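# Close look at the chain arrangement
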Amino acid sequence: MIIRPQYLEQLRTYRNVPLVKILAGIRRCGKSTILDMLRDDLKQSGIAADYILCMRYTSEDFDHGMTTQDMYNGIKAQMTAPGRYYLLLDEVQEVDGWEKAVNSLLEGADTDIYVTGSNSRLMASEISTYLTGRYVSIPVYTLSFSEYLSFKRGDPRSSRELFNEYLRLGGFPVVALGKFDDRTAYQIVEGIYTSVITSDIARRHHITNYDLFNRVVKYIVENVGKTFSANAIAKFLKSEGRSLSVDTVYNYLSWLEKAFVIYRCPRYDLQGKSVLKTQEKFYLADSSLKYCIMGFNPKSIAALLENIVYFELRRRGYDVYIGKNETKEIDFVATRRDERLYVQVCRRLPEESDREIANLLEIRDHYPKYVVTLDELATGNVDGVKIMHLADFLLSSAY
């Protein structure tokens, strides 16, 4: 089994802590595999196999209509001996009211509980009622470039060649594990996309005009890394002769977020030191989601470079914002406790402009500042601003 050590380390940190550990992320990002890693790690640490209960709640694995009581009884029936049981519950959101069963097991039995899920039912408001202060959410993302290299261990290609493939094919583990051409890889990703859009969103929220919903999704995909609003989407649809209220667009954006398809990146005012509520950007859970819909176009790769950097920072535990410094924009301001760093992302450094560097130099503090690019020759340090190739930035052990 291929190990994703950062997730295993997080789970070890919370082992035997009386909280429900919730691993949440888009379908096929590797949550089930992480539970398998955890199971093996528990066994290696001396936990008897009988005390590790692994349950999977996909529609193929249980009868439709399973109740909270059925879920509780099915788990409790396996807890036949005294001692602590480790419950690894996969895709729990398929059971309505799962949080009630989990809460009962947390309160009434000697358990350490880990659950996964991939849509809004996992993080529904009921969690606040039944698991207030009793859970920790661990976001699971598609593969980082470092993880991608580990999945490709033994591949004779250079890291730069694999990096170019990573840019094109994205980081879904199922794609990384295979040897697919671009067309086949995008067909696999399109299948993931379709299952999320149809099952996790359209069917669950009873969307009747699927074509219109799908057009909104495509607008968002086309505009990854650009600022836009629900009002802008509604106006765009009106220009195409379609009608959709701003409130409905807000709902669509919310549902896409809750299904972990898109992630919202708010704007941060560096002068006023406050988070702004306007002109946010959205990024896709994986860049391949755009390619499977729109096709891969090298000329439009710039926004997807931002997408990759955004998630690298998120994986490392940073809160990530777009920076506003008076009239200047900083692509990313990343904060983690008392740490901060600034990142500008560009495909190539412009030959007759120092705009990317100048924007960073106007920030008068001591925190690290980076310009990240695909330009092989643009490296070095300019007045404290580090210029790095994107692949090197992604593989850096620390910033």
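Bear in mind that the values here come from a model prediction, so they are computed numbers and not experimental data.

Before going further, it helps to spend a moment on the sheet that holds strand β1 (residues 20-24). In spatial order, the strands read β2-β3-β4-β1-β5; together these five strands make up an open sheet with parallel pairing. Looking along the sheet, the strands with just one partner apiece sit at the ends: β2 (52-56) and β5 (135-139). Pairs of neighbouring strands in the sheet enclose a mean axial angle of 15 degrees, with direction left out of account. As paired strands, strand β3 (residues 85-90) and strand β4 (residues 111-117) are joined by five bridges and run parallel to one another. When the bridges of β4 are listed, L89 appears paired with V115. Strand contacts of helix α4 (residues 98-108): β1, β3 and β4, with the helix running at about 160 degrees to β4, the strand carrying the most contacts.

Before going further, it helps to spend a moment on helix α9 (residues 182-203). End to end, α9 covers 30 Å across 22 residues, agreeing with the expected 32 Å (1.5 Å per residue, within 8%). For α9, the complete set of buried residues consists of A185, Y186, V189, I192, Y193, V196, I197, S199, D200, I201 and A202. Buried positions along α9 lie against α7 (159-169), α8 (173-176), α10 (210-222), α12 (246-258) and α13 (288-294).

With that out of the way, let us pick up the nonpolar core. Membership of the largest hydrophobic core comes to 97 residues, with the highest contact counts inside it found for L313, F332, V343 and F393. The dominant element in this core, judged by the number of residues it contributes, is α9, at nine residues. Every residue in contact with V343, bar those within four places of it in the chain, is listed here: V309, L313, I330, D331, F332, Y370, V372 and F393.

The buried fraction of strand β11 (residues 369-373) is high, at five of five residues. Of the two faces of β11, the one holding K369, V371 and T373 and the one holding Y370 and V372 are both buried throughout. Note that strand β10 (residues 339-346) and β11 share five bridges and pair parallel. Residue pairing across strands places V343 opposite Y370, the latter belonging to β11. Direction of pairing for β11 relative to strand β13 (residues 385-389): parallel, over a ladder of five bridges. Note on β13: the bridge partner recorded for K369 is V385.

In this structure the tally under the stated criterion is 32 salt bridges. Here R39 ties to D40 by a salt bridge, and the two come within 3.3 Å at their closest N and O atoms. R39 sits in the partly exposed class, given a relative accessible area of 24%. Classification of D40 as partly exposed rests on a relative accessible area of 25%. With its nearest N and O atoms 2.5 Å apart, the salt bridge here joins R264 to E257. Overall, R264 belongs to the partly exposed group, its relative accessible area being 31%. Note on E257: relative accessible area 23%, which makes it partly exposed. Through salt bridges with shared partners, a single ionic network connects E9, R12, R15 and D41.

When you line up the elements, R315 lands in helix α14 (residues 302-315). For R315, the residues in contact, after removing those within four places along its chain, are Y141, T142, L143, S144 and Y166.

Within the secondary structure, V216 sits in helix α10. Between the C-alpha atom of V216 and that of P82, which follows or precedes it by 134 residues, the distance is 53 Å. If we skip the residues at most four places from it in the chain, V216 touches I233, L237, L244 and Y252.

Glancing now at the packing of aromatic side chains. Per the stated rule, a full pass over the model turns up 23 aromatic pairs. Ring plane angle 90 degrees and centroid distance 5.7 Å describe the contact between Y219 and F228, whose orientation is recorded as edge-to-face. Judged by centre distance (5.5 Å) and plane angle (25 degrees), the ring pair of F228 and F282 falls under stacked. Residue F228 is found in the loop between α10 and α11 (230-239), and its partner F282 is found in strand β7 (residues 274-284); the two are separated by 54 residues along the sequence. F282 carries the same exposure label as F228, and that label is buried. Among the aromatic side chains, those forming a connected cluster through ring pairs are Y141, Y263, Y283, Y310, F311 and F332.

Scoring rules and cut-offs
- Residues numbered from 1 in each chain as written.
- Predicted model: local features only at pLDDT ≥ 70, side-chain atom pairs only at ≥ 80, totals over all residues.
- Heavy atoms only, no water.
- Pairing = 2+ DSSP bridges.
- Helix = DSSP H or I, 4+ residues; strand = E, 2+ residues; numbered from the N terminus.
- Axes fitted to C-alpha atoms, helices over the stretch in contact; angles between N-to-C directions.
- Contact = heavy atoms within 4.5 Å.
- Expected span 1.5 Å × (residues − 1).
- Buried < 20%, exposed > 50% of the residue type's maximum accessible area, 1.4 Å probe, protein only.
- Core = buried A, V, L, I, M, F, W, Y, C linked by side-chain atoms within 4.5 Å.
- Salt bridge = Lys/Arg side-chain N within 4 Å of Asp/Glu carboxyl O.
- Phe/Tyr/Trp six-rings, centres within 6.5 Å; stacked < 30°, edge-to-face > 60°.

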